[in-house]
Amino acid sequence: MKSWVGLVVAVVLAACSPAPPVVVSPSPSPIPPTGSPSSVVTASPTISPTSDVGPWKVLASSDTAGAGWSPDGRWLLVWDAVTNGTAAQRHISLDDAQGKVIRTFQGELPVELEPVWLDDRSFVIARDGKNYLGTVDSPALTPISPPFPDGLLSNHHGVITYETSGNLDASARFVVWTPSGGAMPAWAGVPVAWSRDGTKLAVWHWVAGTSGPGAAGWMEALSWPGLRSLGAIHQSPGWIFALFDPSGRYLYTNGWVLDLVTGQASAMTGSSGASRANARLFPSLGVVTSPDQDASASADNSTVALWYMSQQRPIVLVRGGRQRSIDVPGPLQPPDPALSPDGTSLVVVCAVGGGFEALLLTP
């Protein structure tokens, strides 16, 4: 759980810096094939959603469930699976922004291989022990070879990173993959977070000679393309967490902020340090979180969501200076509640009746 200082900083980072312009392509770009035409598979028939719960639309309900927004907020990838169940009990669906099922992909869905959006209109899913590239424009799925490991991290601009192994020490390496170029040679570190424009990547490095959870390390910002070092925070952040502000100039990790223009790192720990850094880097948000409360903002900075993970307490949405409190049908579960890019809709996962439900709140 984040500390209150980290939470305040995370909200400020997400909601106060100016957002980059949104560029909308007039038509989808073709995606280079990564498998032979004969190996392309198609989507299964659609499935019917379960009953709604109060203001929430139930997107999926099972032993595991979740949903993720496309970068432009027009689509959702929704998944569910029964533990140790058959392929027929594991689903991935493409839904529109209102939760209407467009098509369903039936097949293998290990919990760690959740669907990932590659850009506004394409995505990567796991099925039958393989990875496939799909688009919102066609039910066809193109195989990706070789298959990915778990832990895919997308910059939502056509690039995916992933660890080559689960090593918890200085030997950790990661790979950058694109549909047209495939996988680049492995690079040192663990990919943690992309900037919103997809041009900067936060990478964690363990200190040589240490290993395991909680081991000492440091966070570095790399450019994309090129993976050129833009600066680093060497003050042993303490856990593998990082967040870029919407402008992409600042990188935050566990009480420290790195200015990627000047290369200077500023401590946010302690009241005086936090006050100085806030005054210098960020304007006042006017939204204060309480201890153990988590927060995030929409991509356009119009809305802030406040919640308590693993608790059945209302989610608070702050938009246009007004607060709205929404009850949830069960304790909130990972991943974090996700606002749509324009801040008008929200996806959450709750523990309900011995299982999990992915829920959608729309205007």
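Shown above is the structure to which this text applies.
Attention here is on the structure that accompanies the text. (Residues numbered from 1 in each chain as written. Predicted model: local features only at pLDDT ≥ 70, side-chain atom pairs only at ≥ 80, totals over all residues. Heavy atoms only, no water.)

## What about the pattern of salt bridges?
Right, on to step 1. According to the stated counting rule, one finds two salt bridges in the structure shown.
Right, on to step 2. For Asp 137, the salt bridge identified is with Arg 121, shortest N-O distance 2.6 Å. Remark: Arg 121 occurs in the loop between β6 (116-117) and β7 (122-127) and Asp 137 occurs in the loop between β8 (130-135) and β9 (138-144); sequence separation between them is 16 residues.
Right, on to step 3. A relative accessible area of 43% places Asp 137 in the partly exposed class.
Right, on to step 4. In this structure, Asp 259 and Arg 249 form a salt bridge, with 2.9 Å as the shortest nitrogen-oxygen distance. Of the two residues, Asp 259 is situated in strand β21 (residues 256-259) and Arg 249 in the loop between β19 (243-244) and β20 (250-253); the sequence distance between them amounts to 10 residues. (Salt bridge = Lys/Arg side-chain N within 4 Å of Asp/Glu carboxyl O. Helix = DSSP H or I, 4+ residues; strand = E, 2+ residues; numbered from the N terminus. Buried < 20%, exposed > 50% of the residue type's maximum accessible area, 1.4 Å probe, protein only.)

## Quick look at the pairing of strand β25 (residues 315-319)
Right, on to step 1. Of all the five residues making up β25, four are buried; the element is thus mostly covered by neighbouring parts of the structure.
Right, on to step 2. Of the strand pairs in this sheet, strand β24 (residues 303-307) and β25 are connected by four bridges, and their pairing is antiparallel. The partner of Val 304 across the bridge, within β25, is Val 318.
Right, on to step 3. As judged from the five bridges shared by β25 and strand β26 (residues 322-326), these two strands associate in the antiparallel manner. Residue pairing for β26: Ile 315 is matched across the bridge by Ile 326.
Right, on to step 4. In this structure, the hairpin formed by β25 and β26 is closed by a connection of two residues, where Gly 320 is found at a positive phi of approximately 60°. (Pairing = 2+ DSSP bridges.)

Any functional reading would require information beyond the geometric quantities listed.
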